[in-house]
Amino acid sequence: MTVIVTESYEKSCQLVAQKIIEQVKSDPHSKLGLATGGTAENIYPYLVTAYENKEVSFANVTTVNLDEYIGMPSDNILSYRKSMDDWFFDKVDIDKKNTYVADGMNSITEEIKIFNEKLYKDKLIDFQLLGVGVSGHIGFNEPNVFLTSSVHTEQLDEVTIKSNARFFKSEKDVPKSSITMGVGDIMKASKIALVATGESKFEAMRQLLLNENIISSCPVTVLKMHRDCTIVIDKNLADNIGYKY
Ligand code: F6R
């Protein structure tokens, strides 16, 4: 793992956006693994600006998103599909047919099959963007006695429900389950970049950055095994957890 410590969360977003832009410039047919969530949201405006400035084109890019809530219609403002459309896909020249966010309303067996086709047809993911949950999850791979390698459904951890309640009217409106890439799917990406910021992520980042353990009670720790993974944190996070840089 390479760890980059930036001046601020905004700088972290800019830096990761630049990595994505470089990836697409070096291979216009790149397959990107994308993330939603509050942390990732602020990366997309930099990609949109780069497109508007004619610095990069997404016309030949394919994307696969990490996850979606089960039972969430794709036109709901809180669905990950709608978020991706609003933040990114509808603002650049990407062919929407080449974007995939799991359909949380489809039969689960059917959707897992489609998800796998999207992940593995033609090529593997070239670049995977990640955030980390308060629970330590990546995608929606929550802490458990074991982790699951491939696409599956996952019950959201209590901690995740509480954290994601900020996007919903109340905690009881947060969907309880999700369909998600497994940790094996994520680890197959050629390159990974994870952005983390804020106090709620301190514990997960301590487990990732301050010891050598890989533990299923903190799924993000599997990234220690990846060959080309960049962790981008701001000074505030690094200083607070005692990460030396
Ligand atoms: C989202 C995803 C999640 C988020 C994580 C952090 O597609 O897979 O793992 O990256 O829950 O979310 P925020 O940034 O909202 O704290």
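These figures come from a predicted structure and were not determined experimentally. All residue numbers refer to position in the chain's written sequence, counted from 1. Since the coordinates come from a predicted model, pLDDT governs what is reported: local features require at least 70, and pairs of side-chain atoms require 80 or more to be given and counted, while whole-chain, interface and lining totals use all residues. Only heavy atoms go into the side-chain values, all of them from the structure, while hydrogens and water stay out.

## Considering the overall build of the chain
Right, on to step 1. What counts as a helix is a DSSP run of H or I of at least four residues, what counts as a strand is a run of E of at least two, and both are numbered from the N terminus. Helix and strand content of the chain: nine helices and ten strands.
Right, on to step 2. Relative to the compact-globule value of 18 Å for 245 residues, the chain shows a C-alpha radius of gyration of 17 Å, a close match.
Right, on to step 3. In terms of principal-axis extent, the alpha carbons of the chain reach across some 45 × 40 × 35 Å.
Right, on to step 4. What makes two residues a contact is simply this: any of their non-hydrogen atoms within 4.5 Å. By sequence separation, contacts in the chain at least 24 residues apart represent 76% of the contacts at least 6 residues apart.
Right, on to step 5. Each accessible area is a Shrake-Rupley result for a 1.4 Å probe, and residues are judged covered by the shown protein chains and nothing else. Entry remark: accessible area of the chain is about 11,000 Å², with carbon and sulfur atoms responsible for 50%.
Right, on to step 6. For the chain, the distance from the average position of its 27 positive side-chain charges to the average position of its 34 negative side-chain charges is 2 Å. We compute the radius of gyration from the C-alpha atoms alone; for a globule the expected value is 2.2 Å times N to the 0.38, where N is the number of residues. Within this scheme the basic residues Lys and Arg register as positive and the acidic residues Asp and Glu register as negative, but His and the chain ends are omitted. Where a charge lies is defined by one atom per residue type: Lys uses NZ, Arg uses CZ, Asp uses CG and Glu uses CD.

## Regarding the packing of aromatic side chains
Right, on to step 1. Planes of paired rings set the category: under 30 degrees apart is stacked, over 60 is edge-to-face and the rest tilted, where pairs are Phe, Tyr or Trp rings (Trp by its six-membered ring) whose centres lie within 6.5 Å. Evaluated as defined, the whole model comprises nine aromatic pairs.
Right, on to step 2. Geometrically, the ring pair formed by Y69 and F140 is tilted, given 5.7 Å between the ring centres and 40° between the ring planes. Note that Y69 is positioned in strand β4 (residues 67-69) and F140 in the loop between β6 (127-130) and β7 (152-155), a separation of 71 residues in sequence.
Right, on to step 3. Any residue under 20% of the maximum accessible area for its type is buried, any over 50% is exposed, and the rest in between are partly exposed; the area is computed with a 1.4 Å probe on protein chains only. Relative accessible area serves as the criterion here: at 1%, Y69 is assigned to the buried category.
Right, on to step 4. Note on F140: relative accessible area 2%, which makes it buried.
Right, on to step 5. Each member of the aromatic cluster is reached from another via a ring pair, and the members are Y44, F58, W87, F88 and F89.

## A look at the pattern of salt bridges
Right, on to step 1. By definition, a salt bridge exists where a carboxyl oxygen of Asp or Glu is found within 4 Å of a side-chain nitrogen of Lys or Arg. Summed over all chains, the structure comprises twelve salt bridges.
Right, on to step 2. R81 is the partner of D85 in a salt bridge, and the nearest nitrogen-oxygen pair spans 2.9 Å. With D85 and R81 both in helix α4 (residues 80-87), this residue pair falls four residues apart, about one helical turn. In terms of burial, D85 and R81 fall into one category: buried.
Right, on to step 3. The shortest N-O distance in the salt bridge between D173 and K172 comes to 3.9 Å.
Right, on to step 4. For K172, a relative accessible area of 67% gives the class exposed.
Right, on to step 5. Several salt bridges converge on common partners, so that one network encompasses R81, D85, D90 and K96.

## Topic: the site of the ligand
Right, on to step 1. Taken together, 15 residues sit near the ligand, with G38, T39, D67, H137 and K201 positioned nearest.
Right, on to step 2. One of the side-chain N or O atoms of D67 is found 2.6 Å from an oxygen atom in the ligand.
Right, on to step 3. Polar contacts here mean pairs of N or O atoms no more than 3.5 Å apart (in protein, one a potential hydrogen donor and the other a potential acceptor; neighbouring residues in sequence count only if both atoms are side-chain atoms). In this structure, H137 approaches the ligand through a side-chain N or O atom, which is 2.6 Å from an oxygen atom.
Right, on to step 4. In the complex, 97% of the free accessible area of the ligand, which totals 410 Å², lies under the protein chains.
Right, on to step 5. When grouped by side-chain class, the residues that make up the shell around the ligand number four nonpolar, eight polar and three charged. Consider each residue's heavy atoms; a residue with any of them within 4 Å of a molecule or strand counts as near. Following the grouping adopted for this structure description, the nonpolar residues are Ala, Val, Leu, Ile, Met, Phe, Trp, Tyr, Cys and Pro, the charged ones are Asp, Glu, Lys and Arg, and the polar ones are all others, Gly among them.

## What to know about the side chain of E111
Right, on to step 1. Here E111 lies in helix α5 (residues 108-120).
Right, on to step 2. In contact with E111, other than residues within four places in its own chain, are Y100, A102, D103, N106 and I179.

## Examining the sheet that holds β4
Right, on to step 1. Two strands are counted as paired when DSSP detects at least two bridges linking them. Reading across the sheet, the three strands line up as β4-β8-β7 and stay open at both edges, with antiparallel pairing between neighbours. Taken across any chain shown, the strands that pair with only one partner, and hence form the sheet edges, are β4 and β7. Each neighbouring strand pair of the sheet contributes to a mean axis angle of 25°, computed without reference to strand direction.
Right, on to step 2. With four bridges joining them, β7 and strand β8 (residues 177-180) adopt antiparallel strand pairing. Residue pairing for β8: Q155 is matched across the bridge by S177. Each axis is a line fitted through C-alpha atoms, taken for helices only over the stretch in contact, and angles between the N-to-C directions span 0 to 180 degrees.

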